[in-house]
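Architecture and fold: a report
The lines below spell out each chain.
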Amino acid sequence: MLTYKAMYKFLDQGVHAEVLDFPGTITSGANLEEARRSLANALVDMAETNLLRGEPLPQPDPSCTDPEADLEEPIHLLLSAASRICVVPQTPAP
């Protein structure tokens, strides 16, 4: 399990959410609960994309911070090795 840092900014139209130490992991929600759920999904999607491309995951950096954030908290990433397994039919032996 990797622990990154999530930030939330409360706006008039909803909540902006971002993982500070995993570049590109940004989303929003109508409220904090929705923004948290959306950010967790975005983090998994970004991590899976990195791995599919053969790219490493960014190292968590607990010192990351955003002075404009209204809330910062840990966000955990747990990937399963079997999350996207496809069984390819084998060609029968001649």
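Structure shown above.
In this report, we go over the structure that sits alongside the text. Each chain has its residues counted from 1, running along the sequence as written. Reporting in this predicted model follows two pLDDT cut-offs: at least 70 for local features of residues, and 80 or more for side-chain atom pairs to be given and counted; totals over whole chains, interfaces and linings ignore these cut-offs and use all residues. Only heavy atoms go into the side-chain values, all of them from the structure, while hydrogens and water stay out.

Some thoughts on the overall build of the protein chain
Using the following cut-off: In this text, helices come from DSSP runs of H or I with a minimum length of four residues, and strands from runs of E with a minimum of two, each type numbered from the N-terminal end. Any two residues whose heavy atoms approach within 4.5 Å are treated as being in contact. Using the Shrake-Rupley algorithm and a 1.4 Å probe, accessible areas are obtained, with residue cover drawn only from the displayed protein chains.
For the protein chain, the helix and strand inventory stands at one helix and four strands. Along the protein chain, helices and strands appear, N-terminal first, in the series β-β-β-α-β. Within the protein chain, contacts between residues separated by at least 24 positions form 56% of all contacts whose residues are at least 6 apart in sequence. Total accessible area computed for the protein chain in this model is approximately 6,500 Å², and 55% of it derives from carbon and sulfur atoms.

Examining the pattern of salt bridges
Put simply, the rule reads: One side-chain nitrogen of Lys or Arg within 4 Å of one carboxyl oxygen of Asp or Glu is enough to make a salt bridge. Exposure categories follow from relative accessible area, calculated using a 1.4 Å probe and restricted to protein chains: below 20% of the type maximum is buried, above 50% is exposed, and the middle band is partly exposed.
Counted according to the given criterion, the structure contains four salt bridges. The partner of Lys5 in a salt bridge is Glu72, with the nearest N and O atoms 3.7 Å apart. Of this pair, Lys5 sits in strand S1 (residues 2-11) while Glu72 sits in strand S4 (residues 71-77); the two residues are 67 residues apart in sequence, bridging distant segments of the chain. Here Glu72 falls in the partly exposed class, since its relative accessible area comes to 27%. A salt bridge links Glu73 to Arg36, with the shortest nitrogen-to-oxygen separation between them at 2.7 Å. Of this pair, Glu73 sits in strand S4 while Arg36 sits in helix H1 (residues 32-52); the two residues are 37 residues apart in sequence, bridging distant segments of the chain. When its relative accessible area of 18% is taken as the criterion, Glu73 is described as buried.

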